[in-house]
Amino acid sequence: MSHSRAVLVTGASRGIGRAVARAFAEHGDRVAVHVRSAVAEGESTVASLPGEGHALVTADLGDATAAAELVARAEAALGRPVTVLVNNAGIATTPALAHPPAETSATEWQAAWEEYLRVNALGTAMVTHAMTRRLIEVGLPGRVVSIGTRGVHRGEPEFPAYAASKAALHSMDASLAVALAPHGIAVATVAPGFVETERVRDRLDSAAGEAIRADSPFGRVGRPEEVASAVLWLASPEAVWTSGATLDLNGASHLRP
Ligand SMILES: NC(=O)c1ccc[n+]([C@@H]2O[C@H](COP(=O)([O-])OP(=O)(O)OC[C@H]3O[C@@H](n4cnc5c(N)ncnc54)[C@H](OP(=O)(O)O)[C@@H]3O)[C@@H](O)[C@H]2O)c1
């Protein structure tokens with residue numbers, strides 16, 4: 001694979017996505033920075049990237065048609081087919097979206113499941129389908145790396161639909177690793193524990209912060225750059241044999257020996 005790959009990082013307005021975009025740009029790749037609506041933040045991500053040829057693309061992954069079209073728009077913006085896709089965008093565990101079953105009405109429960117599955121599972125599946133079909137069409141090898149979560153394995157009692165939507169992603173990646181290997185496409189998943197992004201800063205600074213940090217015997221949470229360096233490696237030619245794997249990135253806060 002050439003040193004300047006065309007990489008699409010979804011959800012790169014901030015947090016883990018922005019760090020992933022930076023890692024690929026520092027490696028010499030050309031990055032399509034995707035956001036849903038945070039255009040100013042996306043532009044600031046693009047402006048912060050070393051190298052040239054990077055671009056901003058927008059799409060609401062809650063709209064399956066828009067999600068399916070995103071890859072073609074990224075290709076047009078980068079001037080070459082996307083050969084690395086990082087599925088990072090998603091609705092995460094914001095307190096306002098909590099839906100613990102004992103305190104959630106049937107209507108709220110249904111709304112949470114529909115929203116998490118529509119964006120995190122269906123939207124991501126549409127992007128991935130479009131990207132991998134295009135690679136098969138043009139005869140190029142490629143990589144897909146998805147950001148899953150530790151919650152798939154440990155449970156998310158306050159956010160069951162979130163964990164299930166990410167479980168769909170873990171499972172899709174395993175199946176695609178098998179289905180797409182004959183086409184030279186490797187697919188892997190990372191399962192981060194708590195990561196210090198802008199979105200969770202309030203929680204880390206609150207009274208709950210100490211317990212969250214104590215989850216790991218390192219006494220801290222993960223950093224976006226730690227996720228980004230793992231994703232960069234998983235997308236490297238050296239890591240093709242990780243296809244089908246889920247890499248835990250949780251500072252020994254949840255073990256699956
Ligand atoms: N932070 C953690 O502790 C942690 C732990 C495990 C896994 N993860 C996963 O890692 C990923 C990034 O986490 P983060 O904390 O960096 O997230 P974040 O700060 O909430 O950023 C989420 C990104 O996804 C985009 N997005 C959200 N809904 C979207 C939609 N409907 N269509 C298109 N894009 C959408 C957002 O775009 P806009 O800004 O334009 O809305 C934003 O760029 C998420 O998938 C999350 O589930 C995070």
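Residues numbered from 1 in each chain as written. Predicted model: local features only at pLDDT ≥ 70, side-chain atom pairs only at ≥ 80, totals over all residues. Heavy atoms only, no water.

Participant: Go over the nonpolar core with me, naming the residues and quoting the values.
Facilitator: The biggest cluster of nonpolar side chains holds 32 residues, and the ones touching the most others in it are Leu8, Leu61, Leu70, Val127 and Met131. If we skip the residues at most four places from it in the chain, methionine 131 touches Val71, Val82, Thr83, Val84, Leu85, Arg143 and Val144. The next biggest cluster of nonpolar side chains, apart from the first, holds 26 residues, and it includes Ala12, Val84, Val86 and Val195. (Core = buried A, V, L, I, M, F, W, Y, C linked by side-chain atoms within 4.5 Å. Buried < 20%, exposed > 50% of the residue type's maximum accessible area, 1.4 Å probe, protein only. Contact = heavy atoms within 4.5 Å.)

Participant: Residue-level account of the sheet that holds strand 6 (residues 185–192), with values.
Facilitator: With respect to topology, seven strands assemble into an open sheet ordered 3-2-1-4-5-6-7, the strand pairing being parallel. Because the sheet does not close on itself, it has two edges, and the strands there are strand 3 (55–58) and strand 7 (246–249). The mean inter-strand angle of the sheet, taken between neighbouring strand axes irrespective of direction, is 20 degrees. Helix 2 (residues 39–48) contacts strand 2 (30–35) and strand 3 of the sheet and is inclined by roughly 155 degrees relative to strand 3. Its contacts with the sheet place helix 4 (residues 106–138) against strand 1 (6–9), strand 4 (84–87), strand 5 (142–147) and strand 6, and it is angled at close to 175 degrees to strand 4. (Pairing = 2+ DSSP bridges. Helix = DSSP H or I, 4+ residues; strand = E, 2+ residues; numbered from the N terminus. Axes fitted to C-alpha atoms, helices over the stretch in contact; angles between N-to-C directions.)

Participant: Talk me through the packing of aromatic side chains; I want residue IDs and the actual numbers.
Facilitator: Counting across every chain of the model gives two aromatic pairs. For the ring pair tryptophan 109 and tryptophan 113, a centre distance of 5.8 Å and an interplane angle of 55 degrees mean the geometry is tilted. Here tryptophan 113 and tryptophan 109 lie together in helix 4, a separation of four residues that amounts to about one turn. Residue tryptophan 113 is classed as partly exposed on the basis of its relative accessible area of 25%. (Phe/Tyr/Trp six-rings, centres within 6.5 Å; stacked < 30°, edge-to-face > 60°.)

Participant: Tell me what's going on with unusual backbone geometry, and back it up with residues and numbers.
Facilitator: Positive phi is not limited to glycine here, since alanine 252 has a value of about 60 degrees. Here alanine 252 lies in the segment after strand 7. Overall, alanine 252 belongs to the partly exposed group, its relative accessible area being 39%.

Participant: Account for the site of the ligand, with residues named and values stated.
Facilitator: Near the ligand you find 31 residues, and of these Ser13, Arg14, Asn88, Tyr162 and Lys166 are the closest. Here an oxygen atom of the ligand sits 2.9 Å away from a polar atom, N or O, in the main chain of isoleucine 16. At 2.8 Å from an oxygen atom of the ligand is found a main-chain nitrogen or oxygen belonging to serine 37. Relative to its unbound accessible area of 900 Å², the ligand is 96% covered by the protein chains. Mapped by element, the contributors of at least two residues to the shell around the ligand are helix 1 (15–26), strand 2 and helix 6 (160–180). Tallied by class, residues from the shell around the ligand come to 14 nonpolar, twelve polar and five charged. (Near = heavy atom within 4 Å. Polar contact = N/O pair within 3.5 Å; in protein donor to acceptor, adjacent residues only side chain to side chain. Areas by Shrake-Rupley, 256 points an atom, 1.4 Å probe, with all protein chains shown as cover. Nonpolar A, V, L, I, M, F, W, Y, C, P; charged D, E, K, R; others polar.)

Participant: Outline helix 2, supporting the account with residue identities and numerical values.
Facilitator: Along helix 2, the residues that are buried comprise Gly42, Thr45 and Val46. Projected onto a plane normal to the axis of helix 2, the buried residues spread over an arc of 95 degrees and lie on a single side. Within helix 2, the exposed residues directed more than 90 degrees away from the buried face are Ala40 and Ala47. Contact partners of the buried residues in helix 2: helix 1, strand 2 and strand 3. (Arc of directions from axis to C-beta.)

Participant: Residues and numbers for the packing of helix 1 against helix 9 (residues 224–234), please.
Facilitator: Here helix 1 crosses helix 9 at 50 degrees, and the two axes come no closer than 8 Å. When the interaxial angle is binned, helix 1 and helix 9 end up oblique. The crossing of helix 1 and helix 9 is right-handed. In this structure, helix 1 uses Gly15, Ile16, Ala19, Val20, Ala23 and Phe24 to contact helix 9, whose residues at the interface are Pro224, Glu225, Val227, Ala228, Val231 and Leu232. For the contact of helix 1 with helix 9, the per-class residue count stands at ten nonpolar, one polar and one charged. (Parallel < 35°, antiparallel > 145°, perpendicular 65-115°, else oblique. Left-handed = near helix turned anticlockwise from the far one by under 90°.)

Participant: Lay out the pattern of salt bridges in plain terms, naming residues and giving numbers.
Facilitator: A side chain of one charge can pair with a side chain of the opposite charge when the charged atoms of the two come close. For the coordinates displayed, the defined rule picks out nine salt bridges. Residue glutamate 75 pairs with arginine 134 through a salt bridge whose shortest N-O separation is 2.8 Å. Of the two residues, glutamate 75 is situated in helix 3 (residues 64–78) and arginine 134 in helix 4; the sequence distance between them amounts to 59 residues. A relative accessible area of 17% places glutamate 75 in the buried class. Among the ionic pairs, arginine 150 bridges to aspartate 215, the shortest N-O distance being 3.8 Å. Here arginine 150 is found in the loop between strand 5 and helix 5 (151–154), whereas its partner aspartate 215 is found in the loop between helix 8 (209–214) and helix 9, with 65 residues between them in sequence. (Salt bridge = Lys/Arg side-chain N within 4 Å of Asp/Glu carboxyl O.)

Shape descriptors only; they carry no functional weight alone.
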